[in-house]
Every structure is written in C-alpha cells, then in structure tokens.
Amino acid sequence: MNKSLKFSKELEYIKSEKIKNACQKMIELLPDYFFEVPASSTGKYHPEYALGEGGLLRHTKAAVRIAYELLNDPCIGDKYTQDEKDLMIMALILHDGLKSGLNHEKYTRFDHPLLAAKFIRDNRESLSFNDKELELICTCIESHM
C-alpha cells in the first residue's frame, strides 16, 4: 500500500518540496493500523465521523483541512513563514501516527504525542531537517493534547 496516497490532497497544501518529501517518508513509516482504526478506542473523545473503520484517518484529514484554512487566513497565517506553515501541516498529518503505539495496542497510548515526536526524531537523518525545523514539528506534536 502506498500510504502517502491517502494524504494526496493534504500533501498538496505543503509548498516546500523538502518538507513534502519528508512528510511522505514519514507517512510510509506509519503503522498500518493508523489507516484502519477509529480515532477513539472508546468512542468518548471524538465526533461520530471519526469513529468506526478509518476514523483516525478521517480525523487527521479534518484537522489538516481546518489548519490549512486557518493558516490561509491573513489574521493568523501572516504570522508564519511558508515553511512554518508547511511544518505545521506535516505535524498534523503525523500527530496521531502512533496513537495506539508502535504495535497497535488495544487502547490509545496516553503518551502517543511523545511517541510520535520521538519517531520523527529517530528518523531525523532521512528528513534533512535542521534543528529549528525538527523542534517546530516535534513541539507541535508533543503539545497537541
């Protein structure tokens, strides 16, 4: 399965080829369950559209779309460079990438934001990010709860 095809529209939001390529690499490394499970293991913390098979993917795509719209509003988006916007979109695509851990545990891992950020840091060499870029994306992910 070419996992990044699931995010073809969202990847178009990223203008930087470097960041887009890095995001595609990370999407391909996500566990398969990410594309199949509901956004909430119990059904308590997400709206109905994000429940059921593929709910986590739908939740992620919705979050990315909302961020894209907000970042294109001059009142918000003008505060950031294009690369910062691209990194935030990448962070949203990956923010719940390890929601149930590396090996699909039954319930949501409370530390999944930290796991996802570590996952990115562990793959730093293949991403070609400088320290500032790496910290922006990881801080966005780590603080999403």
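See the structure shown above.
The structure reproduced in this document is the subject of the present report. Quick caveat, the model's predicted, so the values are computed rather than measured.

**Quick look at a nonpolar patch on the surface**
Among the surface-exposed residues, Ile66, Leu70, Ile76 and Tyr80 lie close enough to one another that they form a single nonpolar patch of about 340 Å² accessible area. Counting through the fold element by element, isoleucine 66 comes out in helix H3 (residues 55-71). Judged by relative accessible area, isoleucine 66 falls into the exposed class, the value being 53%.

**Points about the pattern of salt bridges**
Overall, the coordinates contain 10 salt bridges when judged by the stated rule. Notably, a salt bridge pairs arginine 65 with glutamate 69, separated by 2.6 Å at the nearest N-O pair. You can see arginine 65 and its partner glutamate 69 sitting in helix H3, four residues apart, about one turn around the helix. Judged by relative accessible area, which is 35%, arginine 65 ranks as partly exposed. Relative accessible area serves as the criterion here: at 41%, glutamate 69 is assigned to the partly exposed category. Of the charged contacts, one joins arginine 121 and glutamate 135 as a salt bridge, the two residues approaching to 3.0 Å between their closest N and O atoms. Of this pair, arginine 121 sits in helix H6 (residues 112-122) while glutamate 135 is found in helix H8 (residues 131-142), placing the two residues 14 residues apart along the sequence. The exposure class of glutamate 135 is partly exposed, given its relative accessible area of 35%. One salt-bridge network, in which partners are shared between bridges, spans Arg121, Glu135 and Glu142.

The rules behind the values
Residues numbered from 1 in each chain as written. Predicted model: local features only at pLDDT ≥ 70, side-chain atom pairs only at ≥ 80, totals over all residues. Heavy atoms only, no water. Patch = residues over 30% accessible without salt bridge, like charges linked within 9 Å, V, L, I, M, F, W, Y side chains within 5 Å. Areas by Shrake-Rupley, 256 points an atom, 1.4 Å probe, with all protein chains shown as cover. Salt bridge = Lys/Arg side-chain N within 4 Å of Asp/Glu carboxyl O. Helix = DSSP H or I, 4+ residues; strand = E, 2+ residues; numbered from the N terminus. Buried < 20%, exposed > 50% of the residue type's maximum accessible area, 1.4 Å probe, protein only.

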